[in-house]
Amino acid sequence: FFFFFLSESDQLLKVLNRFYKRKEMQKLAADHGLDARLFHQAFISFRKHVLEMTSLSADLHIILSDICCGAGHIDDIYPYFMRHAKQIFPMLDCMDDLRKISDLRVPANWYPEARAIQRKVIFHAGPTNSGKTYHAIQRYLAAKSGVYCGPLKLLAHEIFEKSNNANVPCDLVTGEERTFVDPDGRAAGHVSCTIEMCSVTTPYEVAVIDEIQMIRDPARGWAWTRALLGLCAEEIHVCGEPAAINFIRELMYSTGEEVEVNTYQRLTPFSILDHAVESIDNLRPGDCIVCFSKNDIYSISRQIEAKGVECAVIYGSLPPGTKLSQAKKFNDPDDPCKILVATDAIGMGLNLSIKRIIFNSLVKPSVNEKGEKQMDTITTSQALQIAGRAGRFSSKFKEGEVTTMHRDDLPVLKDILSHTVEPIETAGLHPTAEQIEMFAYHLPEATLSNLVDIFVSLSQVDGLYFVCNIDDFKFLADMIQHIPLNLRSRYVFCTAPINKKQPFVCTSFLKFARQFSRDEPLTFDWVCRHINWPLAPPKNIKDLVHLEAVHDVLDLYLWLSYRFMDMFPDTSLVREIQRELDDIIQEGVRNITRLIRATDTATSDSLQMKSNNHSPTASSGISSRGPRGQRGGPKEMMDSSLANRLVRDGLLTPDLLRQLQREWSKEQTNHPTNHSALATGGHNNHKGKRKNKKK
C-alpha cells in the first residue's frame, strides 16, 4: 500500500494543487485566520510535508489514498491542512484574542482623557507663506499653557526661541533634547516639541499641530493622527494645506468635535517663468537650485564655484546647526554667497531669502505603501511646498519666481503646478508597545519582527486609516534579534530614528544594543573610543559623509539616553562633543568644493594607477594615437572631464569605468587599424597601418 502511495506521487501532487486552487477552501481558511499570503505559505509547507515525509500519520495517509483512488472528496484534506498550518502559525489557536488586540477601527477611543473634554478644533488652511502658522502661534503665545507640535527639530527650536523671546517661558522637547527654561527643571506652561514627542495626557489651553497634511505620510503619519485625536487641549489649532480640510472634518466627526476653518491667501505672489535657466552661467543672486540627490548637489556646487561664485549647500543629512549656518550665510546681505544649492530639505523649517527656485530635476526617490523604493515625478503638493519658498513675506524678495534648469522639464513643471493638490483621504496608524506586548503574551516564541508582521496582517482599520510602513522597524528588529533584551526594551530600540543606509550608524546601533544587554552603561569614554574621538576635519567627501554618520550616532545616543537614563548617563558630555562635531562639519561644508575636488582627484588617481598596472596597452607597449598625434589611450579617457563627471554623478561606477578602459584597450590591441582610421577621418588607412607597424 505504501509503495502504491509512492508510485502515485504525481497524482498526489495534482490532488494537492487542486485543493490549493479551490476558492471554497481559501475562504474557509481566511475565516480561520489564514489570509491569502499565509494560506499560500501554509500550503507550500504542507505540500512539502506530504511529498517529502517518509511516513505520514495513518489518518492523513488513508484520506489521501482514498482521494487518489476516487473514494474520497478533495475537501477532506482541509482538517489536516489546518492541523499543519497551526503548527507553523501558532497564532491560529488564539486568533479571536489576537483579532481583538489588533482591531484599529476606532483609534479615537485610545485617548480617554481627550474624549473626556469637548475640544474646539480650528483649521488654519493656506499655501506656504500665507501666515497660517503665524496666526496659530499668536493664539498659542496668548494662552496660559500650550504645546506646539512640529515635523522638524528646526521648527521646534524656532518656536522655542520665539516664545522665550516674547517673554512666554517655553520648554523644548525633541527625541534627542530636553531644555527646561526653569533652572530647577520645573516644566513651563508652554512646550515646543517634535510631533512624535507630544504628551497626550498633559492638559493644555491651546495646542498647535503644524503641517497637518503629513497625517497621510506612509512612515510618520501615525504621529499626526495621535496628536489630533489624543491631545488634551481646549483648543486644537491645525495648520496645513486646504487639501486636508474635508478629511479633518470627517475625522473629527468621529469624535463629535466640530471644525472651524480659517483660510489664508499667499502674502507674496510667485510666477512660473517661460524659460529655463539651461546653464550655470545664467544664475543670479537669490537663486536656489533644488536637487533630489546628494550627487547632484556635489556636482552643481562644484560647477558654480569653478566659475568663481560662492554658494551655500543644504541637504537633509546635515546637522541642524550646519543647516542654520548655511542658511545664515545665504541670507546675509553682506556675505558674497548669493546662490543656494539644496535638496527639498528647504521645504520646511528654514527661513530663506530666495528670489528664484530652480528645479534641477522633477524626479525624486520615494517609498511606496509596500515599502519599495522607486523614482517618481514629484507631486503637486511637493512642488508647491518647494516653489513656495521663492519670495517670502519676511525676506527682501517680495515676489518669487519658479523655473527649471533644463528646458524639457519646464512644461512638465507647469503641468504639475496647474493641478490641484489631491485631497487627503486616509490617516496613518502604528501598533503601540502595549499592543505588541499583548501579542507576545499569546505568541511567546515569535520574534519581534514576526509579531509586528502578524499584527499588521490581522489588523482591521476602517476606511479613514491605514497602517504605516514598518519596514525600518522590522529592519532594526531583525538586526538585534540575536541580542537578549526584554520585549519593551527591544521595542524602544527598534523605534529609534536611524538612517539604515549608513553602515556605521547600523553597526553603532548594534553595539549600543549589545552593551545595553550586558547591563553595562555606555559611558562617555566608551562612546569616544567607538567613534575615535577626537575627529579630524574632512579631507574629502567620504570623510564628510562619515562625520555626518558620527553625528547621527551621537543623536542616537542622546535619543536613547532619554529612554534609558541609567544606561546612557553622559548626555551633557556627548552633547558637548556633538556641538564640536557640528562645527567641524560646518567647516567641511564651507569647503565642500575643495572636498569634491579631492575626492575626484583620489578617484582619478586610483583609476589611473589600476589602469596603468592592468592595461593591455601598458604591458604590450602598443600605443594608439588620436588626431594630430595626441594620445588617445585609457589615461586620456580617464582624465577626461566627461568620465570624471559620470563617475561623480553616479551615472558610471569606477568599476564600470575600469571595465570600459580594459575593453577599449583590448579593442586597440586586436584592431589597431580601426582607431587610426577614425583618427584620420577614415582617409589614408595605409598610412595608419604603417605607423602601427613602426611601433
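To start, this report covers the structure provided alongside it. (Residues numbered from 1 in each chain as written. Predicted model: local features only at pLDDT ≥ 70, side-chain atom pairs only at ≥ 80, totals over all residues. Heavy atoms only, no water.)

1. Regarding the sheet that holds strand E3 (residues 170-174)
Link 1 in the chain: On the basis of which strands lie adjacent, the open sheet formed by eight strands has the order E4-E3-E5-E2-E6-E7-E1-E8 and mixed pairing. At either end of the open sheet lies a strand with only one pairing partner, and these are strand E4 (177-179) and strand E8 (259-263). Looking at each pair of strands side by side, their axes are set apart by 15° on average, direction ignored.
Link 2 in the chain: Judged from the four bridges that link them, E3 and strand E5 (residues 190-194) form a sheet pairing that is parallel. Note that in E5 the partner of Asp-171 across the bridge is Val-191.
Link 3 in the chain: Docked against the sheet, helix H10 (residues 153-165) engages strand E2 (146-150), E3, E4 and E5, running at close to 170° with respect to E3. (Pairing = 2+ DSSP bridges. Helix = DSSP H or I, 4+ residues; strand = E, 2+ residues; numbered from the N terminus. Axes fitted to C-alpha atoms, helices over the stretch in contact; angles between N-to-C directions. Contact = heavy atoms within 4.5 Å.)

2. Here's the deal with the sheet that holds strand E11 (residues 311-314)
Link 1 in the chain: Within the open sheet, the six strands sit side by side as E9-E16-E13-E10-E12-E11. Their pairing is parallel. At either margin of the open sheet sits one strand with a lone partner, and together these are strand E9 (270-272) and E11. Pairs of neighbouring strands in the sheet enclose a mean axial angle of 20°, with direction left out of account.
Link 2 in the chain: In this structure, strand E10 (residues 287-290) lies alongside strand E13 (residues 356-359), joined through four bridges in parallel fashion. Residue pairing for E13: Cys-288 is matched across the bridge by Ile-357.
Link 3 in the chain: On the sheet, helix H15 (residues 380-387) packs against E9, E10, E13 and strand E16 (400-404) and is oriented at approximately 140° with respect to E13.

3. Things to note about the pattern of salt bridges
Should the charged atoms of two oppositely charged side chains come close, the side chains can pair.
Link 1 in the chain: A full pass over the atoms with the stated rule returns 29 salt bridges.
Link 2 in the chain: Across the pair Asp-472 and Lys-500 runs a salt bridge, and its minimum N-O distance is 3.0 Å. With Asp-472 in helix H19 (residues 471-479) and Lys-500 in the loop between helix H20 (487-494) and helix H21 (503-517), this pair connects stretches of sequence that are 28 residues apart.
Link 3 in the chain: One network of salt bridges, in which partners are shared, links Arg-22, Glu-24 and Asp-75. (Salt bridge = Lys/Arg side-chain N within 4 Å of Asp/Glu carboxyl O.)

4. Details of the nonpolar core
Link 1 in the chain: Counting 158 residues, the largest nonpolar core has Leu-34 and Phe-81 as its most contacted members.
Link 2 in the chain: At twelve residues, the largest contribution of residues to this core is made by helix H23 (residues 541-561).
Link 3 in the chain: Apart from residues lying up to four places away in sequence, Leu-34 is in contact with Ala-29, Phe-39, Ala-42, Phe-81, Met-82, Ala-85, Phe-89 and Leu-92.
Link 4 in the chain: Grouped together as the second largest cluster of nonpolar side chains are 27 residues, Ala-327, Leu-352, Leu-413 and Leu-417 included. (Core = buried A, V, L, I, M, F, W, Y, C linked by side-chain atoms within 4.5 Å. Buried < 20%, exposed > 50% of the residue type's maximum accessible area, 1.4 Å probe, protein only.)

5. Structural notes on H19
Link 1 in the chain: Of all the residues in H19, the buried ones are Phe-473, Lys-474, Leu-476, Ala-477 and Met-479.
Link 2 in the chain: Each element contacted by the buried residues of H19 is listed here: helix H18 (448-458), H20 and H21.

6. Focus on unusual backbone geometry
Across residues other than glycine, the phi torsion is negative in most instances, and most of the peptide bonds are trans.
Link 1 in the chain: Look at the link from Trp-533 to Pro-534: it is a cis peptide, with omega at 5°.
Link 2 in the chain: With respect to the helices, strands and loops of the structure, Pro-534 is situated in the loop between helix H22 (524-531) and H23.
Link 3 in the chain: Here the phi dihedral of Asn-167 falls at roughly 60°; this positive angle occurs in a residue that is not glycine.
Link 4 in the chain: Residue classification places Asn-167 among the exposed positions, given a relative accessible area of 69%.
Link 5 in the chain: The backbone of Asn-532 shows a phi angle near 60°, a positive value even though the residue is not glycine.
Link 6 in the chain: By the secondary structure assignment, Asn-532 is in the loop between H22 and H23.
Link 7 in the chain: Overall, the relative accessible area of 56% leaves Asn-532 in the exposed class.

Read these as spatial facts, not as claims about activity.
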